[in-house]
Amino acid sequence: KQEVTQIPAALSVPEGENLVLNCSFTDSAIYNLQWFRQDPGKGLTSLLLIQSSQREQTSGRLNASLDKSSGRSTLYIAASQPGDSATYLCAVLNPDSWGKLQFGAGTQVVVTP
Amino acid sequence: DAGITQSPRYKITETGRQVTLMCHQTWSHSYMFWYRQDLGHGLRLIYYSAAADITDKGEVPDGYVVSRSKTENFPLTLESATRSQTSVYFCASSGDYSSYEQYFGPGTRLTVT
């Protein structure tokens, strides 16, 4: 059974520092991996999706890498801002899973001014 | 409004009452999902649907019923609400058969007294 882990559970960084968020999964035979952001009291917002054939995906200050063989993905957020404070979740999609995602528990990020 | 909407956004009900949470999406996505989010448990899949009239159980289906007579609607019914069903409920959809990227609604906060 696929298990998705995000460590650490919480992270605090000063403004301007680069953020590095980790996601690991136990079964490397994934179809894709999706990173989400969740603000308090809100729904999840899709940030990046990496297909299994891709090594990385970029959007603005965000860059996500994928290493299937080691079962890891990393989300980099450059030059963090207080507005980046949120919980970040990763989720993997396994083949033949009817679109069902397996979520990690998330990393709560606080960027201090 | 385009996108995925949920109603009501907040609901307080009593133990034993029937409650229906509504989910509506305007993209004509084939796949729809219901999750609950609780502290300490993260996001858990309740039910999902691959198309109109096709539904199946997720990880925590007990006490819930779903239907999907139209592609755009996916209501979730708590047949006899219990305090353990106090939670935040999220609906999601996906329709891209190459990426299966999932999009979430804003959530419904349900309190069962």
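Only a predicted model underlies this, so the values are computations on that prediction, with no experimental measurement involved. (Residues numbered from 1 in each chain as written. Chains lettered and ligands numbered in written order. Predicted model: local features only at pLDDT ≥ 70, side-chain atom pairs only at ≥ 80, totals over all residues. Heavy atoms only, no water.)

Trainee: What exactly am I supposed to notice about the packing of aromatic side chains here?
Mentor: The description of two aromatic rings rests on the distance between their centres and on the angle between their planes. One pass over the structure, following the stated rule, counts twelve aromatic pairs over all chains. Judged by centre distance (6.1 Å) and plane angle (85 degrees), the rings of A:F103 and B:F104 are edge-to-face. Of this pair, A:F103 sits in strand β10 (residues 101-103) while B:F104 is found in strand β10 (residues 103-104), placing the two residues in two different chains. Judged by its relative accessible area of 9%, B:F104 is buried. With a centroid separation of 5.3 Å and an interplanar angle of 50 degrees, the aromatic rings of B:W27 and B:Y103 are classed as tilted. (Phe/Tyr/Trp six-rings, centres within 6.5 Å; stacked < 30°, edge-to-face > 60°. Helix = DSSP H or I, 4+ residues; strand = E, 2+ residues; numbered from the N terminus. Buried < 20%, exposed > 50% of the residue type's maximum accessible area, 1.4 Å probe, protein only.)

Trainee: How should the pairing of strand β6 (residues 54-57) of chain B be read in this particular structure?
Mentor: Looking along a regular strand, one sees the side chains alternate between the two faces of the sheet. Residue and element names in this part refer to chain B. Inspection of the sheet shows strand β5 (residues 42-51) paired to β6 by four bridges, in the antiparallel sense. When the bridges of β6 are listed, Y47 appears paired with K57. Hairpin connection from β5 to β6: two residues lie between these consecutive antiparallel strands, with D53 at a positive phi of about 70 degrees. (Pairing = 2+ DSSP bridges.)

Trainee: Teacher, can you tell me more about the state of the cysteines here?
Mentor: Between two cysteines, a covalent bond joining their sulfur atoms is known as a disulfide. Considering all chains together, one arrives at two disulfides over all chains under this definition. A sulfur-sulfur separation of 2.0 Å characterises the disulfide bridge that pairs A:C23 with A:C90. Because the sign of the S-S torsion sets the handedness, a value of about 80 degrees for the bond joining A:C23 and A:C90 places this disulfide among the right-handed ones. Separated by 67 residues along the polypeptide, A:C23 in strand β3 (residues 19-25) and A:C90 in strand β9 (residues 86-93) bring together distant segments of the chain. Exposure class is identical for A:C23 and A:C90. Each is buried. Each disulfide pairs two cysteine sulfurs, and for B:C23 the partner residue is B:C91, the sulfurs being separated by 1.8 Å. On the sign convention where negative means left-handed, the S-S torsion of about -75 degrees between B:C23 and B:C91 marks this disulfide as left-handed. You can see B:C23 sitting in strand β3 (residues 19-25) and its partner B:C91 sitting in strand β9 (residues 87-94), a full 68 residues away along the chain. (Disulfide = S-S within 2.5 Å.)

Trainee: Explanation requested: the sheet that holds strand β7 (residues 64-66) of chain B in the structure shown.
Mentor: Across a sheet, strands are paired by hydrogen bonds formed along the backbone, either parallel or antiparallel in direction. Residue and element names in this part refer to chain B. The strand order across the open sheet formed by four strands is β1-β3-β8-β7, and the pairing between neighbours is antiparallel. Two strands in the sheet have a free side with no partner beyond their single neighbour: β1 (4-7) and β7. Each strand of the sheet is rotated relative to its neighbour by a mean of 20 degrees, with strand direction disregarded. As judged from the three bridges shared by β7 and strand β8 (residues 76-78), these two strands associate in the antiparallel manner. Residue V66 lies in a different strand from β8, and its bridge partner there is L76. (Axes fitted to C-alpha atoms, helices over the stretch in contact; angles between N-to-C directions.)

Trainee: Honestly, the nonpolar core in this entry has me stumped. Any pointers?
Mentor: A general trend in soluble globular proteins is that nonpolar side chains are found buried together. A:F25, A:L33, A:W35, A:L75 and A:Y88 are the most contacted members of the largest nonpolar core, which has 22 residues in total. For this core, the secondary structure elements donating two or more residues are β3, β4 (32-38), β5 (44-51), β7 (62-67), β8 (72-77), β9 and β11 (107-112) of chain A. With sequence-adjacent residues up to four places away left out, A:L33 is seen in contact with A:C23, A:F25, A:L48, A:L49, A:I50, A:L66, A:S73, A:C90, A:A91 and A:V92. In this structure, B:Y31, B:Y35, B:Y48 and B:F90 belong to the second largest nonpolar core, which totals 19 residues. (Core = buried A, V, L, I, M, F, W, Y, C linked by side-chain atoms within 4.5 Å. Contact = heavy atoms within 4.5 Å.)

Trainee: Sorry, what's going on with the sheet that holds β7(A) here?
Mentor: All names here are of chain A. Spatial ordering of the open sheet is given by β1-β3-β8-β7-β6, a layout of five strands whose pairing is antiparallel. Both outer strands of the open sheet, β1 (4-5) and β6 (56-59), are each paired with one neighbouring strand and no more. The pairing of β1 with β3 spans two bridges and is antiparallel. Each bridged residue has a counterpart across the sheet, and for T5 the counterpart in β3 is S24.

Trainee: Teacher, can you tell me more about the interface of chain B and chain A here?
Mentor: When the parts of a complex come together, some accessible area is lost, and that lost area is often taken as the interface size. Contact residues are listed per partner, giving 19 residues for chain B and 19 residues for chain A. With both chains or domains summed, chain B and chain A bury close to 1,600 Å², and 58% of this area falls on carbon and sulfur atoms. Counting across the chain B and chain A interface gives zero salt bridges. Of the residues belonging to the side of chain B that touches chain A, the class tally is twelve nonpolar, five polar and two charged. (Buried area = accessible area lost by both parts, 1.4 Å probe. Salt bridge = Lys/Arg side-chain N within 4 Å of Asp/Glu carboxyl O. Nonpolar A, V, L, I, M, F, W, Y, C, P; charged D, E, K, R; others polar.)

Trainee: Would you take a moment to explain the pattern of salt bridges for this structure?
Mentor: When the charged atoms of two side chains lie near each other, side chains of opposite charge can form a pair. By the definition in use, this model includes five salt bridges over all chains. When the shortest N-O distance is used, the salt bridge between A:R61 and A:D84 registers 2.9 Å. Taken together, the residues A:R61 in the loop between β6 and β7 and A:D84 in the loop between β8 and β9 connect sequence positions 23 residues apart. Here B:E14 ties to B:R17 by a salt bridge, and the two come within 3.4 Å at their closest N and O atoms.

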